[in-house]
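Residues per chain, in single letters:
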Protein chains: 2
Amino acid sequence: MVDSSLVTELERRVGADRVSHGSAINDDDLHDESLHHRARVPMAVVRPRSTDEVAEIARFASEHRIPIVPRGSGTGLSGGATPVTGGLVVSFSEMNAVLRLDERDHVVVVQPGITLRELDEALSSSGLRYPVYPGELSGSLGGNVSTNAGGMRAVRHGVTRQHVLGLELVLMDGTVLRTGGPVVKSSSGYDLTQLVVGSEGTLAMVTEITLRLSPRFGYGATILVPFATLDQVTNVVSPILSSGLAPSILEYVDLIAMSSITARMGLDLGIAKDVVDATLAYLIIVLETRTREQLDGDIESLGELLADAGALETYVLPTAAATRLIEAREQLFWASKEAGANDIIDIVVPRSAVPRFLTDATAIAQRYGVFFAGCGHVGDGNVHLSVLERDEAKRNQFLDELFAYGVGLGGAISGEHGIGLDKKAAFLALSDPVSIDLQRSIKSVFDPQGLLNPYRLLDERPLP
Amino acid sequence: MVDSSLVTELERRVGADRVSHGSAINDDDLHDESLHHRARVPMAVVRPRSTDEVAEIARFASEHRIPIVPRGSGTGLSGGATPVTGGLVVSFSEMNAVLRLDERDHVVVVQPGITLRELDEALSSSGLRYPVYPGELSGSLGGNVSTNAGGMRAVRHGVTRQHVLGLELVLMDGTVLRTGGPVVKSSSGYDLTQLVVGSEGTLAMVTEITLRLSPRFGYGATILVPFATLDQVTNVVSPILSSGLAPSILEYVDLIAMSSITARMGLDLGIAKDVVDATLAYLIIVLETRTREQLDGDIESLGELLADAGALETYVLPTAAATRLIEAREQLFWASKEAGANDIIDIVVPRSAVPRFLTDATAIAQRYGVFFAGCGHVGDGNVHLSVLERDEAKRNQFLDELFAYGVGLGGAISGEHGIGLDKKAAFLALSDPVSIDLQRSIKSVFDPQGLLNPYRLLDERPLP
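Owing to the predicted nature of the structure, the values given are computational and were not obtained by experimental measurement.

Student: I'd like a description of the overall build of chain A, backed by residues and values.
Tutor: Scanning chain A from N- to C-terminus turns up 17 helices and 18 strands. Computed over C-alpha atoms, the radius of gyration of chain A comes to 23 Å, within 12% of the 23 Å expected from 2.2 N^0.38 for 464 residues, which places it in the range of a compact globule. Structurally, chain A occupies a C-alpha span of about 70 × 55 × 45 Å along its principal axes. In chain A, the share of contacts with a sequence separation of at least 24, taken over all contacts with a separation of at least 6, comes to 75%. Summed over its atoms, the accessible surface of chain A is roughly 16600 Å², and 49% of this surface lies on carbon and sulfur atoms. The averaged location of the 59 negative side-chain charges in chain A is 3 Å from the averaged location of its 40 positive side-chain charges.

Below, the structure is given as structure tokens:
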């Protein structure tokens, strides 16, 4: 039962218009996009509009020992924003401003609720962009910081971590702390910014983010390359990256995943039927350059590499088709969801191990009688598999074996989606207990009462 | 007094040939390159040859509460490796192997004692390089990790932090821990790798480093550009970086610093006398590309930008002169030292603030009657100033004011050299106490007895 006197106190402290409770709570604030929905009723959803209000919420929660679950726009895939029964959900949807854009320094300061799309629009006239490109543009920057989001352009531009220069944080005792700043270099103490990035909202609430931007490129081309085997796709990655061509995007999409997205989007890529029939997997490559001449030269060099690697064809897509293909690739999660996927994972392995990993994953899946389709950021070794298997026990056995295999190859359970609730059992089982102990001690330094986003990541207790 | 029974025990535990003590200690192991030499006699210098031996040293030190100062090759500039009286110096000079090179994954695993030069030689036939380029090639990778070293190529390639994918660590209780791995993406728990990078040897001893490599470029050009004012130099930086040209190096060298390095190296850059007479500062730009055509195009575009910005001339240097100029720039520290510099600092400010910072720094210096010459990684806002002032009190007053001014602009005290002993007073005075408290608590998690590299960075106690 919700203690209504607590809600009343919270309303008094941050303003009643910031607080929703009972039937006034919007269902959209009660889940993320994890395929494992867990219905939980929080005490209230709070929408602060300033750092001071966030600090007041933290003090309120600490005084009454109420758990807090921070959330951005709820596009997470791991249950990182699932409410705790009787706890608070702190939604940053009202803190979504661009606070400062410094075009000379290539730096922007934003509030955490701003989405990638809103940020891109705010930057459009500047000639700059935030180059990290997790597929879902409705994702918030706060959420991106929380999971150290990666996405398609990481092969050239890196992940969120490499673009966060500083943070404003609210600790659970209500203290406000600034880390880092608008500089790209520092050797002045432990890097608390980097510690908080990827900590899945368990260390502090992020109220401001200082991001490094990059110049937009003048020219670009999207190249679609069908191959007769998946091995050919994954084997061409090293030569491309060693050549110095620096593609912005280097994605593989297997046959099933490609059928699923082209069908869903009604996308005709103009591939000849005999090529389609011979194709088992596709490579999507985006090149971006400063000049037209360089683009032409890069396409030519790339074409030679691809031909040597056994490409069935090389399609330089017209702009409209290219845009739709990348959009379609972004939509693959939704296509998988509609197709009835029961789990979507984002394991990462050394990129040269991808062919072996996929071959062995197929063998493991066959042994369990489980079916999966896949795509991934193959330049990063980050493989996304949609697993279709309704039997939860069987599916989890398969995933446990797959995670252990990938970690054994030198990889990690999640490349970019985070651990959250969905993967914490596998994460805790496969991690060095020494590392987990250190991480839990660090957690206690920041949040001694354990109130911030509990029951996930390092916290083995089941979600109440 | 050194307790000889302890030395005997240490010799028994790790092997007598690993331990030097008394007059057998080499003076070179008792200091780094800080201009503030502090003579301290340790109990012993130990040179472990394996992770197991490092762990045994940690256990020995913990049992007897003996401080440990880890050291690489001793090229640090902040007193980070100055011994503690009666403590141990753990030198990694014998742990300098390349353990694994994976050319397909662009990953190399090294021991911490390997120098940048040794690593570059080991990579030379692979077509790959470790692109981080702190000037001093005799610096060790372990030391680079310790200070998050940056250097000239950071403007394009980033700093050490962005290239360290994983570490093997020895904790002070002798536990061995691996963090990260040979993957460029991970969202699987707190990033302990990033926490240790830049922690100046205060959290754990690093025994293995997994580094991300980049392809070597086929073509390059070094361009020397004299300007009539320093403001012109610093103002052209933003247009260059916004153009998308992505120079590998973008350095400013003021008139005095340039005279000092050309004289020391006997370097004739072939600049016409009337140009020399009109020049107050130089910009050094290195472009690197995949093709000759792109290099030519980039030089042409750069030339237009430079002409618009008021460059007196644009010299594309012949290869031999270019190599010597970059070497000379690397040697600037030594030139400054020979010229009698009493302090060398590496403050960082937002790059657009560099003109204002240098103007105001000159005014502050004049007020104190202090003289400085400078150069710096102007694309990163990382300014190196050699301060010539023998009166320590006056010099420190000037530096305190300068640091406070730079930090007030959004910068940090050290961009790449670290805090160590030399800058800890200013660092602690100018940092948010909340941040320092968090950092000290994290330190206690890793090193509860406070034995690892004590008396520097966060530790306000004077060096005994």
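Student: Can you explain the environment of Thr-210 of chain A? Please cite residues and give values.
Tutor: All names here are of chain A. On the secondary structure map, Thr-210 appears in strand E10 (residues 205-212). Sequence-wise, Thr-210 and Val-164 are 46 residues apart; in three dimensions their C-alpha atoms are separated by 5.9 Å. The residues contacting Thr-210, other than those within four sequence positions of it, are Val-107, Val-108, Val-109, His-163, Val-164, Leu-165, Gly-166, Gly-181 and Pro-182.

Student: Tell me about the nonpolar core, residues and numbers included.
Tutor: Core analysis: the biggest nonpolar cluster contains 162 residues, and Leu-283 and Phe-357 of chain A together with Leu-283, Leu-306 and Phe-357 of chain B have the highest contact counts within it. In this structure, Phe-357 of chain A is in contact with Ile-347, Val-349, Val-383, Leu-385, Leu-402, Tyr-405, Gly-406 and Leu-409 of chain A, ignoring residues within four places of it in sequence.

Student: If you had to explain the domain arrangement of chain A to someone new, which residues and values would you point to?
Tutor: All names here are of chain A. Entries for chain A in the domain assignment read domain 1 (4-93), domain 2 (98-215), domain 3 (220-318) and domain 4 (340-423). Of note, the centres of domain 3 and domain 4, computed from C-alpha atoms alone, are 23 Å apart. Domain 3 puts 15 residues into the contact, and the matching count from domain 4 is 15 residues. In total, about 1200 Å² of surface goes out of reach between domain 3 and domain 4, with carbon and sulfur atoms giving 62% of it. Of all residues in domain 3, Thr-234, Glu-251 and Tyr-252 bury the most surface against domain 4, accounting for 41% of the area lost on that side. Where domain 3 packs against domain 4, one counts zero salt bridges. Where domain 3 packs against domain 4, one counts four residue pairs in polar contact (both at pLDDT 80 or more). For the side of domain 3 that touches domain 4, the elements supplying multiple residues, two or more each, are helix H7 (230-235), helix H8 (237-242), strand E13 (249-254) and helix H9 (255-265). Ranked by the residues each element gives to the side of domain 3 that touches domain 4, the list is headed by E13, at five residues. Its residues assigned to classes, the side of domain 3 that touches domain 4 shows nine nonpolar, three polar and three charged.

Student: Tell me about the sheet that holds strand E14 (residues 281-289) of chain B, residues and numbers included.
Tutor: All names here are of chain B. Spatially, seven strands are ordered E15-E12-E14-E13-E17-E18-E16 in an open sheet, and the strand pairing comes out antiparallel. Looking along the sheet, the strands with just one partner apiece sit at the ends: strand E15 (315-316) and strand E16 (343-345). Across the face of the sheet, helix H15 (residues 392-408) comes into contact with E16, strand E17 (371-377) and strand E18 (382-388) while running at roughly 5° to E16.

Student: Quick rundown of the confidence of the model for chain A? Include the residues and the values.
Tutor: When pLDDT is averaged across chain A, the result is 94; 100% of the residues are at 70 or more. At the level of chain-chain contacts, confidence expressed as ipTM amounts to 0.97, with global pTM at 0.97.

Student: So what about the packing of helix H17 (residues 433-446) of chain A against helix H17 (residues 433-446) of chain B? Which residues, and what values?
Tutor: For any two helices packed against each other, one specifies the inter-axial angle together with the distance between the axes. Contact geometry of H17 of chain A with H17 of chain B gives a least axis separation of 10 Å together with a crossing angle of 150°. Accordingly, the angle class assigned to the pair H17 of chain A and H17 of chain B is roughly antiparallel. Considering how the two elements wind past one another, H17 of chain A and H17 of chain B form a crossing that is right-handed. Within the contact between the two elements, H17 of chain A uses Leu-438, Ser-441, Ile-442, Val-445 and Phe-446 of chain A and H17 of chain B uses Leu-438, Ser-441, Ile-442, Val-445 and Phe-446 of chain B. Partitioned by chemical class, the residues of the contact of H17 of chain A with H17 of chain B number eight nonpolar, two polar and no charged.

Student: Account for the pairing of strand E5 (residues 98-102) of chain A, with residues named and values stated.
Tutor: The side chains of a regular strand alternate between the sheet's two faces. All names here are of chain A. Where E5 lies against strand E6 (residues 107-110), four bridges are found, and the strand directions are antiparallel. Its bridge partner lying in E6, Leu-101 is registered against Val-108. Two successive antiparallel strands, E5 and E6, enclose a turn made up of four residues, where His-106 displays a positive phi of approximately 60°.

Student: Could you give an account of the relation of the copies chain B and chain A, naming the residues involved and the relevant values?
Tutor: Once turned by 180° and shifted 0.0 Å along the axis, chain B lies on chain A with an RMSD of 0.0 Å. One copy is carried onto the other by what is essentially a two-fold rotation axis. Here 100% of the contact residues of chain B are again contact residues in chain A; the copies associate through an equivalent surface.

Student: Could you give me a rundown of H17 of chain B, with the residues and numbers involved?
Tutor: In an α-helix there are 3.6 residues to a turn, and that puts residues three or four apart on one side. Compared with an ideal rise of 1.5 Å per residue, which puts 14 residues at 20 Å, H17 of chain B spans 20 Å between its outermost C-alpha atoms and is within 8% of the ideal. The inward-facing, buried residues of H17 of chain B abut strand E9 (176-180), helix H6 (192-196) and H17 of chain A together with helix H6 (192-196) and helix H16 (424-430) of chain B. By the N-cap criterion, in which a side-chain oxygen at the helix start approaches the backbone nitrogen of a residue two or three places on, H17 of chain B is capped by Asp-432 of chain B, the distance to Val-434 of chain B being 2.9 Å.

Student: Outline the pattern of salt bridges, supporting the account with residue identities and numerical values.
Tutor: Inspection of every chain in the model, using the stated rule, returns 60 salt bridges over all chains. It is possible to trace a salt-bridge network through shared partners that takes in Glu-9, Arg-13, Glu-56, Arg-59 and Glu-63 of chain A.

Student: How would you sum up the side chain of Arg-290 of chain A? Please name residues and give values.
Tutor: Structurally, Arg-290 of chain A is set in the loop between strand E14 (281-289) and helix H11 (292-308). At a separation of 2.9 Å, a polar atom in the side chain of Arg-290 of chain A contacts the side chain of Asp-298 of chain B. Within polar-contact distance, the side chain of Arg-290 of chain A engages the side chain of Ser-301 of chain B at 3.1 Å. Excluding residues within four positions of it along the chain, Arg-290 of chain A makes contact with Phe-217 and Tyr-219 of chain A together with Ser-243, Gly-244, Leu-245, Gly-297, Asp-298 and Ser-301 of chain B.

Student: Got a sec to walk through the interface of chain B and chain A? Specific residues and values, please.
Tutor: Listed per partner, the contact involves 79 residues of chain B and 79 residues of chain A. Where chain B abuts chain A, roughly 6000 Å² becomes buried across the two surfaces, and 58% of that area is made up of carbon and sulfur atoms. The largest share of the area that chain B buries against chain A comes from Lys-185, Tyr-190 and Arg-290 of chain B, three residues that together contribute 17% of it. Where chain B packs against chain A, one counts eight salt bridges. Here Asp-298 of chain A ties to Arg-290 of chain B by a salt bridge, and the two come within 2.8 Å at their closest N and O atoms. Of all elements in the fold, only strand E9 (176-180), H6, helix H8 (237-242), helix H11 (292-308) and H17 of chain B reach the threshold of two or more residues within the side of chain B that touches chain A. Ranked by residue count, the leading element in the side of chain B that touches chain A is H17 of chain B, at nine residues. A breakdown of the residues in the side of chain B that touches chain A according to their chemical character gives 29 nonpolar, 35 polar and 15 charged.

Student: Got a sec to walk through the side chain of Asn-382 of chain B? Specific residues and values, please.
Tutor: Looking at the element boundaries, Asn-382 of chain B is found in strand E18. Given a relative accessible area of 0%, Asn-382 of chain B falls into the buried group. Among the polar contacts listed, one links the side chain of Asn-382 of chain B to the backbone oxygen of Asp-346 of chain B, at a separation of 2.9 Å. Discounting chain neighbours no more than four positions away, the residues touching Asn-382 of chain B are Lys-185 of chain A together with Asp-346, Ile-347, Val-348, Gly-376, His-377, Gly-415 and Glu-416 of chain B.

Student: So what's going on with the environment of Ala-322 of chain A? Residues and values would help.
Tutor: Residue and element names in this part refer to chain A. Its location among the elements puts Ala-322 in helix H12 (residues 319-330). For Ala-322, a relative accessible area of 7% puts it in the buried group. Sequence separation of Ala-322 and Leu-224 is 98 residues, and the distance between their C-alpha atoms is 8.7 Å. Not counting residues within four places of it along the chain, the set of residues in contact with Ala-322 comprises Thr-222 and Leu-317.

Student: Any chance you could break down unusual backbone geometry for me, citing the residues and the numbers?
Tutor: Unusually for a residue other than glycine, Ala-246 of chain A sits at a positive phi of about 55°. Despite not being glycine, Leu-457 of chain B has its phi angle at roughly 60°, a positive value. Of note, Leu-457 of chain B is situated in the segment after H17. Residue Leu-457 of chain B is classed as buried on the basis of its relative accessible area, which comes to 0%.

Student: Tell me about the sheet that holds E9 of chain B, and name the residues and values.
Tutor: Residues and elements named next belong to chain B. Strand order in the open sheet formed by five strands is E5-E6-E10-E8-E9, with antiparallel pairing between adjacent strands. The outermost strands of the open sheet, each flanked by one partner alone, are strand E5 (98-102) and E9. Across this sheet, the average inter-strand angle for adjacent strands is 10°, counted without regard to direction. The pairing of strand E6 (residues 107-110) with strand E10 (residues 205-212) spans four bridges and is classified as antiparallel. In the sheet register, Val-110 faces E10, and the bridge partner there is Ile-209. Across the sheet, helix H3 (residues 116-123) touches E5, E6 and E10, and the angle it forms with E6 is around 135°.

Reading the values: the criteria
Residues numbered from 1 in each chain as written. Chains lettered and ligands numbered in written order. Predicted model: local features only at pLDDT ≥ 70, side-chain atom pairs only at ≥ 80, totals over all residues. Heavy atoms only, no water. Helix = DSSP H or I, 4+ residues; strand = E, 2+ residues; numbered from the N terminus. Rg over C-alpha atoms; globule rule 2.2 N^0.38 Å. Contact = heavy atoms within 4.5 Å. Areas by Shrake-Rupley, 256 points an atom, 1.4 Å probe, with all protein chains shown as cover. Lys, Arg positive; Asp, Glu negative; His and termini not counted. Charge placed at Lys NZ, Arg CZ, Asp CG, Glu CD. Core = buried A, V, L, I, M, F, W, Y, C linked by side-chain atoms within 4.5 Å. Buried < 20%, exposed > 50% of the residue type's maximum accessible area, 1.4 Å probe, protein only. Domains from an automatic or database assignment. Buried area = accessible area lost by both parts, 1.4 Å probe. Salt bridge = Lys/Arg side-chain N within 4 Å of Asp/Glu carboxyl O. Polar contact = N/O pair within 3.5 Å; in protein donor to acceptor, adjacent residues only side chain to side chain. Nonpolar A, V, L, I, M, F, W, Y, C, P; charged D, E, K, R; others polar. Pairing = 2+ DSSP bridges. Axes fitted to C-alpha atoms, helices over the stretch in contact; angles between N-to-C directions. pLDDT = per-residue confidence, 0-100. Parallel < 35°, antiparallel > 145°, perpendicular 65-115°, else oblique. Left-handed = near helix turned anticlockwise from the far one by under 90°. Least-squares fit on C-alpha atoms with pLDDT ≥ 70 in both. Expected span 1.5 Å × (residues − 1).

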